[in-house]
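A structural walkthrough
Each chain, written out:
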Amino acid sequence: MADADLDGPSGPRILVFSTNNISDPGIDLAGSRHLHYPATVFTVTVPCSSAIKPTWILHAFQSGFDGVFIGADGDECAYLPDCNARTARIAARAQELMSAAGFEPQRVMMAALCSVCAEPFVNHMREFSEKMTALGRVAALAS
Amino acid sequence: MSERRIGVYICHCGGNISDYVDVAAVRDAVKDLPDVVHAETSLFACSDGTQQDMIKMIRDQNLDGLVVASCSPKLHLFTFRGVSRRAGLNPFEYTQANIREQCSWAHTDDRAGATTKAIGLVKGAIAKTRESSALEPMAVQTTPASLVVGAGIAGLRAAIGLADLGLRVYLLEQSATVGGWVGQFGPTFPNDRDGREMVADLLEQIQERPTITLLTNAELTAKSGSFGNYAVTITVHGESESTVEATVGSIVIATGFDTYQPEIGEYGYGIDGVVTLAQFKELVEASPDGIKFHDRPVRTVTYVYCVGNRQPGGNEYCSKYCCSATVHASLEVSAVDPAIHQYHLYRDIRTYGKYELLYEQSRKRGSVFMKFPDETPPTVERAGDGRLLVTTRDTLSGGVDVTIPSDLVVLVTGMVPRENTELTKMLHLPVGGDGFFNEIHPKLRPVETVVDGVMIAGTCQGPKTISESVASGLAAVAQSGAMLMKGVAELDPLVAVVDASACTWCGECQRVCPYEAITQVEVDGHDVASIDAAVCKGCGGCTSYCPSNAIDLLGATDAQMQALIENLVEVTVP
């Protein structure tokens, strides 16, 4: 189902896992301030980054994403004080699944994003997109 | 997957979306997708007119799913859930696609890219809706009673407010007397009201109310049950130890703060004549006829601000009350003896709001304010004549070093979080990086915690003035009333659920759930995990630990998340 009348995305496609209470407002703020980042970045929301299943990350790569960025809550998480350690464990599990499936582990990245972290988010997206460009596209690798 | 009937609305948001995204192209890209029975663009999806149209469409077309692509769900998730409910559609069959904050506004430079992205976001939302099912909020009968932990100014005022709503109140205080810090204060800013008098007044009001049970020398020693009906055990210490058992619908935590204790040597602390603000205020209050220290008249006082606060790597926050309290103290000093010289050495003066007037008054009465640079804090040493020499760099005089011979040096110490390990553990209270308790949302849900029915008030949440403490105590009262006055409360149904047929009981989920929501039960002769929906906070932390993938978080199930993810981008077929 290609959209013939629209240009396809040119840059690497990034999936961002964000949290409802902490990083979502930060990412929204980037938009509210009209700070630009690549339009090939897509954000999906979970309550807490500890709720991300490693299989979802693998699924993202199998669905055509080139990189996965996890916006972690760090100390700000209202649910789990050890949220960061849990999220790091999820990222590590995902990397095992990715390696087994032939995706480079550096395609997943995790960083703390706060509720007003508009500029840090935009910078992360630019830098991560550049890294994924250097690494090459997943779809191209699969072909 | 059975057939669905989904309606899709793509909002122009005036031009906020449509100026940067080709909304007609988005509609055309999704209108013929399987299960989409209606797709349209609208100028303002949130307008009353469009809401009415949506309700009519949901009913006429018998829709069982709704997608609105518009602004951030932070603005209108509840608006469109409400539209769904009014139309007879289950609100959890509604999905919002954020194509404004996370699309049009972020990509004003890339119309083609923004349009492609918006198509992906809407396709993802449709796919997620296809996997959604109707959920019902749980109704819980609630007990019209509250427990207030801590009888400082916030807890005292909250207890009165709760009782006046008609709730039964248990007010417990760890120490032998009520009032906390404020109960030890003399005159306080901004209106010189005496702290001890205020507390005595509140205590009298409490004693007039038979529905308040005040327990001193008491602590909360056990809590069980779930939101709406917490069973609490209060242990009262004394000559003979006793316990009080109660059932309460809400718990207000008002355990207060501790003051920062300077290290020996910190700004000369330990040298005779270097005192904290609290000690100094006692001295001023006890000296109506001229301030003396060791029987020597005090002619010069130097204040050092921000002690133990705003320290990189330490307590980085500002304690908010101390600038105003110090400026207020300086006015008390000049009232006793206007000839006393007062020097204020500060990083920044934060006598915010109306307290600015106190600062103005203090300067007019002769107080000298000198700003020191962060990297060069003042030093304090003892001179041969017994006086104290305070040396500071005055930023506003071109950075010259000034030495002030002083009779007293007052260290303006800030607030630090109180040690509350047992309570924190028992109630599963979220603690922030600074050590104070965390609310759900700093602006919109400032006194609720993620633990339903447990609220935080006063300085256990972070530094506050007396009036701010009382305001947050009363906010916790209002919130308790909102939860308990109806007698029935609804709990969000977005919780974790176990697929008993897939669970093999390994205990991992129980181990990682800090809320004790998970128990081991037997189903058809097999041990499996069971999650108490009334206790589960819906964080999803257990789901990623299950080795059998037997746990799903409603609202973000495996099926929903995978469908969402795989529909965001087109897979390039080589």
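Residues numbered from 1 in each chain as written. Chains lettered and ligands numbered in written order. Predicted model: local features only at pLDDT ≥ 70, side-chain atom pairs only at ≥ 80, totals over all residues. Heavy atoms only, no water.

This part takes up the interface of chain A and chain B. In this complex, chain A contributes 52 residues to the contact, which on the side of chain B involves 58 residues. With both chains or domains summed, chain A and chain B bury close to 4500 Å², and 59% of this area falls on carbon and sulfur atoms. If you sort the residues of chain A by the area they bury against chain B, A:F42, A:K53 and A:W56 come out on top, with a joint share of 13%. Counting across the interface, chain A meets chain B through 3 salt bridges. Its salt-bridge partner being A:K53, residue B:D558 comes within 3.4 Å of it at the nearest N-O pair. (Contact = heavy atoms within 4.5 Å. Buried area = accessible area lost by both parts, 1.4 Å probe. Salt bridge = Lys/Arg side-chain N within 4 Å of Asp/Glu carboxyl O.)

Counting across every chain of the model gives 12 aromatic pairs over all chains. Taken together, a centroid distance of 5.7 Å and an interplanar angle of 80 degrees make the contact between B:F280 and B:Y303 edge-to-face. Linking B:F280 in helix 8 (residues 277–285) with B:Y303 in strand 19 (residues 300–307), this pair joins segments that are 23 residues apart in sequence. Over the face of the ring belonging to B:Y545 we find A:R89, whose NZ or CZ atom lies 3.7 Å from the ring centre. (Phe/Tyr/Trp six-rings, centres within 6.5 Å; stacked < 30°, edge-to-face > 60°. Helix = DSSP H or I, 4+ residues; strand = E, 2+ residues; numbered from the N terminus. Lys NZ or Arg CZ within 6 Å of the ring centre and 35° of its normal.)

With that settled, consider unusual backbone geometry. Residue and element names in this part refer to chain B. Across the junction of F189 and P190, the peptide omega takes the value 0 degrees, indicating a cis bond. On the secondary structure map, P190 appears in the loop between strand 8 (187–188) and strand 9 (193–194). The phi angle at C306 is positive, at roughly 60 degrees, despite the residue not being glycine. By the element assignment, C306 lies in strand 19.

A word on the side chain of B:S330. Residue and element names in this part refer to chain B. Along the chain, S330 turns up in helix 9 (residues 322–336). S330 sits in the buried class, given a relative accessible area of 1%. In terms of polar contacts, S330 uses its side chain to reach the backbone carbonyl oxygen of V327, at 2.6 Å. Residue contacts for S330: discarding those within four places in its chain leaves Y303, Q342, H344, S362 and S367. (Buried < 20%, exposed > 50% of the residue type's maximum accessible area, 1.4 Å probe, protein only. Polar contact = N/O pair within 3.5 Å; in protein donor to acceptor, adjacent residues only side chain to side chain.)

Right, let's talk about the sheet that holds strand 25 (residues 408–413) of chain B for a bit. Adjacent strands of a sheet pair through backbone hydrogen bonds, lying either parallel or antiparallel. Residues and elements named next belong to chain B. Here we have 5 strands laid out as an open sheet, ordered 16-25-19-20-21, and parallel in their pairing. The sheet is open, and its two borders are formed by strand 16 (274–276) and strand 21 (368–371), each paired with just one other strand. Put simply, the sheet's adjacent strands are angled 25 degrees from each other on average, direction ignored. Where strand 19 meets strand 25, 5 bridges bridge the pair, whose relative direction is parallel. Residue pairing in the sheet places Y303 in a bridge with V410 of strand 25. On the sheet, helix 9 packs against strand 19, strand 20 (341–346), strand 21 and strand 25 and is oriented at approximately 170 degrees with respect to strand 19. (Pairing = 2+ DSSP bridges. Axes fitted to C-alpha atoms, helices over the stretch in contact; angles between N-to-C directions.)

Take the packing of helix 1 (residues 23–30) of chain B against helix 5 (residues 111–130) of chain B next. Residues and elements named next belong to chain B. Between helix 1 and helix 5, the least distance of the axes is 9 Å, while the angle of their chain directions is 40 degrees. In terms of orientation, helix 1 and helix 5 fall into the oblique class. Like other packed secondary-structure pairs, helix 1 and helix 5 cross with a definite hand, here right-handed. Taking contact as the criterion, the partners of A25, V26, A29 and V30 in helix 1 are, on helix 5, T115, A118, I119, V122, K123 and I126. Here the contact of helix 1 with helix 5 is composed, by residue class, of 8 nonpolar, 1 polar and 1 charged. (Parallel < 35°, antiparallel > 145°, perpendicular 65-115°, else oblique. Left-handed = near helix turned anticlockwise from the far one by under 90°. Nonpolar A, V, L, I, M, F, W, Y, C, P; charged D, E, K, R; others polar.)

By size, the foremost hydrophobic cluster in this structure holds 157 residues, and its most contacted members are A:I57 and B:I253. Those residues in contact with A:I57 that sit more than four places away from it in its chain are A:F17, A:I52, A:V68, A:I70, A:I90, A:A94, A:M98 and A:V108. Counting residues in each nonpolar core, the second largest holds 31 residues, with B:I291, B:V327, B:Y346 and B:L358 among its members. (Core = buried A, V, L, I, M, F, W, Y, C linked by side-chain atoms within 4.5 Å.)

Our focus in this paragraph is a negative patch on the surface. The grouping of B:E197, B:D201, B:E204 and B:E208 at the surface amounts to a negative patch. Mapping B:E208 onto the fold places it in the loop between helix 7 (195–207) and strand 10 (212–215). (Patch = residues over 30% accessible without salt bridge, like charges linked within 9 Å, V, L, I, M, F, W, Y side chains within 5 Å. Areas by Shrake-Rupley, 256 points an atom, 1.4 Å probe, with all protein chains shown as cover. Lys, Arg positive; Asp, Glu negative; His and termini not counted. Charge placed at Lys NZ, Arg CZ, Asp CG, Glu CD.)

Residues and elements named next belong to chain B. For helix 6 (residues 153–164), with 12 residues, the first-to-last C-alpha span of 17 Å sits near the 16 Å given by 1.5 Å per residue. Helix 6 sits mainly inside the fold: 10 of its 12 residues count as buried. Once helix 6 ends, the next one or two residues include G166, with phi positive near 100 degrees. (Expected span 1.5 Å × (residues − 1).)

Let us now look at helix 3 (residues 73–86) of chain B. All names here are of chain B. Its 14 residues give helix 3 an end-to-end C-alpha distance of 19 Å, which sits within 8% of 20 Å, the value for a rise of 1.5 Å per residue. Among the residues of helix 3, H76, L77, F80, R81, G82, V83 and S84 are the ones counted as buried. Elements in contact with the buried residues of helix 3: helix 2 (48–60), strand 3 (65–70) and strand 4 (94–98). A positive phi of about 85 degrees marks G88, the residue just after helix 3.

The next point concerns the sheet that holds strand 2 (residues 41–46) of chain A. Residue and element names in this part refer to chain A. An order of 2-1-3-4 is seen for the 4 strands of this open sheet, with the pairing classed as parallel. Every interior strand has two partners, whereas the edge strands, strand 2 and strand 4 (108–112), have only one. Here the strands of the sheet are splayed against their neighbours by 20 degrees on average, with no regard to which way each runs. Lying on the sheet, helix 1 (residues 23–32) is in contact with strand 1 (14–19), strand 2 and strand 3 (67–72); it crosses strand 1 at an angle near 125 degrees.

Let us look at the environment of B:C503. All names here are of chain B. Mapping C503 onto the fold places it in the loop between strand 29 (496–498) and helix 13 (508–512). Separated by 200 residues in sequence, C503 and Y303 place their C-alpha atoms 64 Å apart. Not counting the four nearest positions on each side in its chain, C503 is found in contact with V498, V528, A529 and A550.

Across chain B, the average pLDDT comes to 95, with 99% of residues at or above 70. Taken over the whole predicted complex, pTM reads 0.73, whereas the ipTM for its chain interfaces reads 0.93. (pLDDT = per-residue confidence, 0-100.)

Take the pairing of strand 3 of chain A next. Residues and elements named next belong to chain A. Strand 3 sits mainly inside the fold: 6 of its 6 residues count as buried. Of the two faces of strand 3, the one holding G67, F69 and G71 and the one holding V68, I70 and A72 are both buried throughout. Where strand 1 and strand 3 come together, 4 bridges link them in parallel fashion. Across the sheet, F17 pairs through a bridge with I70, a residue of strand 3.

Okay, the pattern of salt bridges next. As enumerated under the stated definition, the model contains 29 salt bridges over all chains in all. Note that A:R86 and A:D82 form a salt bridge whose closest N and O atoms lie 2.9 Å from each other. With relative accessibility at 5%, the residue A:R86 sits in the buried group. Note on A:D82: relative accessible area 37%, which makes it partly exposed. As a salt-bridge pair, B:D60 and B:K56 come within 2.7 Å of each other at their nearest N and O atoms. With a gap of 4 residues between them, B:D60 and B:K56 both fall in helix 2, about one helical turn apart. When its relative accessible area of 52% is taken as the criterion, B:D60 is described as exposed. Residues participating in the shared-partner salt-bridge network are B:R310, B:D348, B:R350 and B:K371.

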